[in-house]
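# Fold and contact review
Below are the chains, spelled out letter by letter.
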Amino acid sequence: WLGIDFVCPQNIKQLYTQIVSMARSFKARRMKHLFWHATCWNIWLARNNKIFRGEPVVMRNIIARIKNVSWQWLLYKNGTKSGTFYSTWCTNPLL
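Residues numbered from 1 in each chain as written. Predicted model: local features only at pLDDT ≥ 70, side-chain atom pairs only at ≥ 80, totals over all residues. Heavy atoms only, no water.

## So, the nonpolar core
Selection rule: To form a nonpolar core, buried Ala, Val, Leu, Ile, Met, Phe, Trp, Tyr and Cys residues must be joined to one another through side-chain atoms within 4.5 Å. The buried label applies to any residue whose accessible area, calculated with a 1.4 Å probe on protein chains only, is under 20% of its type's maximum; exposed applies above 50%, and partly exposed to all values in between. In this text, helices come from DSSP runs of H or I with a minimum length of four residues, and strands from runs of E with a minimum of two, each type numbered from the N-terminal end.
Counting 7 residues, the largest nonpolar core consists of Met 31, Leu 34, Phe 35, Trp 71, Leu 74, Trp 89 and Cys 90. Elements supplying a minimum of two residues to this core: α2 (26-53), α3 (59-77) and α4 (86-91). Membership of the second largest hydrophobic core comes to 5 residues, among which are Ala 38, Ala 46, Ile 62 and Val 69.

Structure, rendered in C-alpha cells:
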C-alpha cells in the first residue's frame, strides 16, 4: 500500500524508526507519522476486540481500517477539503 519494502522489526521502536526513516520530504514524513499513529490505534483496537469480545484478528481488516482512519484524519486535518478521491489516495497516499 505504501510502497515500502518491509522487514518485520523485533520491537515497536524499530518499527517506528523503519517507517519514519523512509520519508524523504517533510510532507512525506508527516504522512508517515499519520500512518504510524493510525497503525498503532488500529492494532490497539484489534487487540482489545480480541481480548474483550473474542473477535478474531484479521490482518486485511486491520489494514483496511488503517487506510480508512488515515484518510479520515487527513480530511479532518485539511478541513475536509481534499482534491483527491479515497480510491485514488489508497493507490498512492504519499502524493
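Text resumes after the structure shown.
## Some words on a nonpolar patch on the surface
Cut-off, in case you're wondering: Exposure above 30% relative accessible area and the lack of any salt bridge qualify a residue for a patch; like charges then connect within 9 Å, and the nonpolar side chains Val, Leu, Ile, Met, Phe, Trp and Tyr within 5 Å. In these tables, accessible area is a Shrake-Rupley quantity obtained with a 1.4 Å probe, and a residue counts as shielded only by the protein chains included in the view. Salt bridge, as used here, is a side-chain nitrogen of Lys or Arg placed within 4 Å of a carboxyl oxygen of Asp or Glu.
Nonpolar side chains collect at one region of the surface, where Trp 41, Trp 44, Leu 45 and Trp 73 lie side by side and expose about 410 Å² of accessible area between them. A per-element tally of the nonpolar patch places α2 first, with 3 residues. For Trp 73, the location among the structural elements is in helix α3.

## Considering the packing of α2 against α3
Working note: a packed helix pair is described by the angle between its axes plus the distance between those axes. Short version of the rule: Helix axes are fitted to C-alpha atoms over the stretch in contact, other axes to C-alpha atoms as well, and angles between N-to-C directions run from 0 to 180 degrees. Relative orientations are named as follows: roughly parallel for angles under 35 degrees, roughly antiparallel for angles over 145 degrees, roughly perpendicular for angles from 65 to 115 degrees, and oblique for any other angle. By definition, turning the near helix anticlockwise from the far helix through less than a right angle yields a left-handed crossing, and turning it clockwise yields a right-handed one. Contacts are residue-level and defined by heavy atoms, with any inter-residue pair within 4.5 Å sufficient. Residues were grouped as follows: Ala, Val, Leu, Ile, Met, Phe, Trp, Tyr, Cys and Pro as nonpolar; Asp, Glu, Lys and Arg as charged; and all remaining residues, including Gly, as polar.
α3 packs onto α2 with a crossing angle of 130° between their chain directions and a minimal axis gap of 9 Å. The pairing of α2 with α3 is recorded here as oblique in orientation. In this structure, α2 crosses over α3, and the sense of that crossing is right-handed. Judged by residue contacts, Arg 30, Met 31, Leu 34, Phe 35, His 37, Ala 38, Thr 39, Trp 41, Asn 42 and Ala 46 of α2 engage Ile 62, Arg 65, Ile 66, Val 69, Ser 70, Trp 73, Leu 74 and Lys 77 from α3. A class-by-class count of the residues in the contact of α2 with α3 yields 11 nonpolar, 4 polar and 3 charged.

## Topic: helix α1 (residues 12-21)
Of all the positions in α1, only Leu 15, Gln 18, Ile 19 and Val 20 are classed as buried. Looking at the buried positions of α1, the neighbouring elements they touch are α2.

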